[in-house]
Amino acid sequence: MKKLVALLLTLVLCLSCLPVMAETADLSKVKLGVILLHDENSTYDLNFINGVNEAVANLGLSEEQVIMVRNIAESQDCTETALDLVDEGCNIIFANSFGHETYLLAAAKECPDVQFCHATGTMAHTEGLANFHNAFAAIYEGRYLAGIAAGMKLNELKAAGKLKGAAPLMGYVGAYTYAEVISGYTSFYLGAKSVCPDVTMKVQFTGSWYDEKEEKAAAEALLAAGCDLISQHADSMGAPTACEYAGVPNVSYNGSTPASCPNTFIVSSRINWAPYFEYIVNQVAAEKEIAVDWTGTIATGSVVLTDVNTAVAAEGTVEAIANAKAAFEKGELKVFDIATEGFITVGGAPLTTYLADVDTDAAFTPDTEAVADGYFHESEYRSAPYFDVRIDGIELINQMY
C-alpha cells in the first residue's frame, strides 16, 4: 500500500509541476511576498533572490507585484512580517528558512484566503491547511553529481602521488545534524564513492546556516586533519576561501566561485527556485490549488550544477557528470542505492530496512518504511529530506548541533 501511495503521490506532484498556460491565468491578480532569513551576503539567500528575479522576468511581472523582505529571524518576527505583507496586498507569501515554518504557519491560520509557501519544511502534509504548502527539490541528486567530480579529482591526486594520507579523504562543513544536512553530505559522499571506492569523509558542524568565521574555521580544521578536498552545506564563502588559501580543491554549494577561487573551485550544485516561483504564481493566477508538497527535480530544472571549472577538475569530469545526469533523468540511477553490494552499509551490514520520520511530531518518531525496491525512497513521501542514516565511511567530528 505504501508503494501505491508513493506512486500516486509522485504522479500528482509531477502533474502539479506542469506550468499553467499563460492564457488561462490573470497574472495581474498576483502579488508575491518573500521572507528571507538573511540577505545577498548569504549564498543560500542569494540563490532565492536570484530565483525570484528569474521568475519575475520570465513571467513579466512588475516591480510592484513582488516584495522581498530580508534578514527576518526564525521567530515571531516571521509571523509579523507575513501579516504585514498581507496588509500590503500580497496573496502569496513565501519563507525560505526551515526555522520560519511554525511562525509562517501561524500567519496562514490567521489568513485563510492567502497562500503561504515554505521551503524545506515538513508540516504541510500533516497540518491539512488548504493554504499552507511545503517545497523542496531533489538536491541530493545534484550533490551526488558534484560528488562524482570530487571523486574523480581524488583519483587524479592519488595517481599523481599527491594525497595527504594513504587513502583519499574528504572534508565536509555542515550546519546542523538535521536530516537535510545528513542527506546532503551522504549523497555527496556516495557520488564520490561511486568513482573512488576507497574514499572516506570527515564532517565538521558549525551550528549555524551562515557564519563565515565558523565555516572557515571548520574547513581549516578539516584541512589540518589531512583532508584532500572540501565541500560544504553552509552558506558563506568561508570554506571555499580557506581552500583557496591552502591550495586544496573545493566543491561548493549554492554558488559558483571560480572568480574568487580560480585555483581550487571545481563545481557547485544548487536548487534553482525559479520553476517553483513560476509555478505558485501561475497556480494562484489561474485560481488553481498549489501542491501540498512540491519536489523539484533535475527534469524540472530545479536541480542544477554550475559549469565545471576544467582548469581544476580532473579530465573526463564533464562527461562523467553528463552520463550520471542522463541516468537520473531515465530513472536508472538511485542515489541511496542499497542493491549494489557494499555501496551503503551501517556497521558493516547492508541497509535493508529503515523507519524514517516523515510525519514529524514533537518526539521525531519514526513512522514510514523508506527502504524498498533496492533503494531508500528519499523525498517521495514528503518534499523535505528525511534520510538521516549514519552510514559507514563518514566520520562526524562534532555532533553537538
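Everything below is about the structure shown above.
First things first, this report covers the structure right here in the doc. The model shown is predicted, which means the values in this text are computed figures rather than measured ones.

### Notes on the overall build of the chain
Line of reasoning, step 1. Summing up its helical and strand segments, the chain has eleven helices and 19 strands in all.
Line of reasoning, step 2. Burial analysis of the chain (401 residues in total) assigns 57% to the buried set.
Line of reasoning, step 3. Put simply, 67% of the contacts in the chain that link residues at least 6 apart link residues at least 24 apart.
Line of reasoning, step 4. Only carbon and sulfur atoms are counted for the fraction: they give 54% of the accessible area of the chain, which is about 16,300 Å².

### Regarding the packing of helix H6 (residues 139–159) against helix H11 (residues 317–329)
Two quantities define a packed helix pair, namely the angle between the helix axes and the distance between the axes.
Line of reasoning, step 1. The contact between H6 and H11 brings their axes to 10 Å, and the two run at 150°. As judged from the angle between their axes, H6 and H11 are roughly antiparallel. You can see that H6 and H11 cross each other, and the crossing is right-handed. When H6 is examined against H11, the residues Glu141, Tyr144, Leu145, Ile148, Ala149 and Met152 are found in contact with a partner set consisting of Thr317, Ala320, Ile321, Ala324, Lys325 and Phe328.
Line of reasoning, step 2. Here the contact of H6 with H11 is composed, by residue class, of nine nonpolar, one polar and two charged.

### A short note on a negative patch on the surface
Line of reasoning, step 1. There is a patch of like negative charges on the surface, built from Asp77, Glu80, Asp84, Asp87 and Glu88.
Line of reasoning, step 2. Assignment of secondary structure puts Asp84 in helix H3 (residues 76–87).

### Regarding the pattern of salt bridges
Line of reasoning, step 1. A complete count under the given rule lists six salt bridges for this structure.
Line of reasoning, step 2. In this structure, Lys29 and Glu287 form a salt bridge, with 2.9 Å as the shortest nitrogen-oxygen distance. With Lys29 in the loop between helix H1 (2–16) and strand E1 (32–35) and Glu287 in the loop between helix H10 (274–285) and strand E11 (293–296), the pair connects residues that are 258 residues apart, well separated along the chain.
Line of reasoning, step 3. The partner of Lys158 in a salt bridge is Asp198, with the nearest N and O atoms 2.6 Å apart. Taken together, the positions of Lys158 in helix H6 and Asp198 in the loop between helix H7 (179–195) and strand E7 (200–205) put the pair 40 residues apart, joining distant regions of the chain.
Line of reasoning, step 4. Using a relative accessible area of 41% as the deciding quantity, one classes Lys158 as partly exposed.

### Here we look at the environment of Ile280
Line of reasoning, step 1. Within the secondary structure, Ile280 is located in helix H10.
Line of reasoning, step 2. Overall, the relative accessible area of 0% leaves Ile280 in the buried class.
Line of reasoning, step 3. For Ile280 and Cys117, which are 163 residues apart along the polypeptide, the C-alpha to C-alpha distance reads 8.5 Å.
Line of reasoning, step 4. The contact partners of Ile280, leaving out residues within four places of it in the chain, are Leu32, Ile92, Cys117 and Ile290.

### What to know about the environment of Arg382
Line of reasoning, step 1. Of note, Arg382 is situated in the loop between strand E18 (375–376) and strand E19 (394–396).
Line of reasoning, step 2. Take Arg382: its relative accessible area is 5%, and that puts it in the buried class.
Line of reasoning, step 3. Along the primary structure Arg382 and Trp294 are separated by 88 residues, whereas in three dimensions their C-alpha atoms are 8.1 Å apart.
Line of reasoning, step 4. If we ignore the near neighbours within four places in the chain, the residues touching Arg382 are Thr122, His125, Asp293, Thr295, Asp357, Val358 and Thr360.
Line of reasoning, step 5. A polar contact of 3.0 Å, which involves the side chain of Arg382, links it to the backbone oxygen of Pro385.

Criteria and cut-off values
- Residues numbered from 1 in each chain as written.
- Predicted model: local features only at pLDDT ≥ 70, side-chain atom pairs only at ≥ 80, totals over all residues.
- Heavy atoms only, no water.
- Helix = DSSP H or I, 4+ residues; strand = E, 2+ residues; numbered from the N terminus.
- Buried < 20%, exposed > 50% of the residue type's maximum accessible area, 1.4 Å probe, protein only.
- Contact = heavy atoms within 4.5 Å.
- Areas by Shrake-Rupley, 256 points an atom, 1.4 Å probe, with all protein chains shown as cover.
- Axes fitted to C-alpha atoms, helices over the stretch in contact; angles between N-to-C directions.
- Parallel < 35°, antiparallel > 145°, perpendicular 65-115°, else oblique.
- Left-handed = near helix turned anticlockwise from the far one by under 90°.
- Nonpolar A, V, L, I, M, F, W, Y, C, P; charged D, E, K, R; others polar.
- Patch = residues over 30% accessible without salt bridge, like charges linked within 9 Å, V, L, I, M, F, W, Y side chains within 5 Å.
- Salt bridge = Lys/Arg side-chain N within 4 Å of Asp/Glu carboxyl O.
- Lys, Arg positive; Asp, Glu negative; His and termini not counted.
- Charge placed at Lys NZ, Arg CZ, Asp CG, Glu CD.
- Polar contact = N/O pair within 3.5 Å; in protein donor to acceptor, adjacent residues only side chain to side chain.

Purely spatial values, then, with no claim about function.
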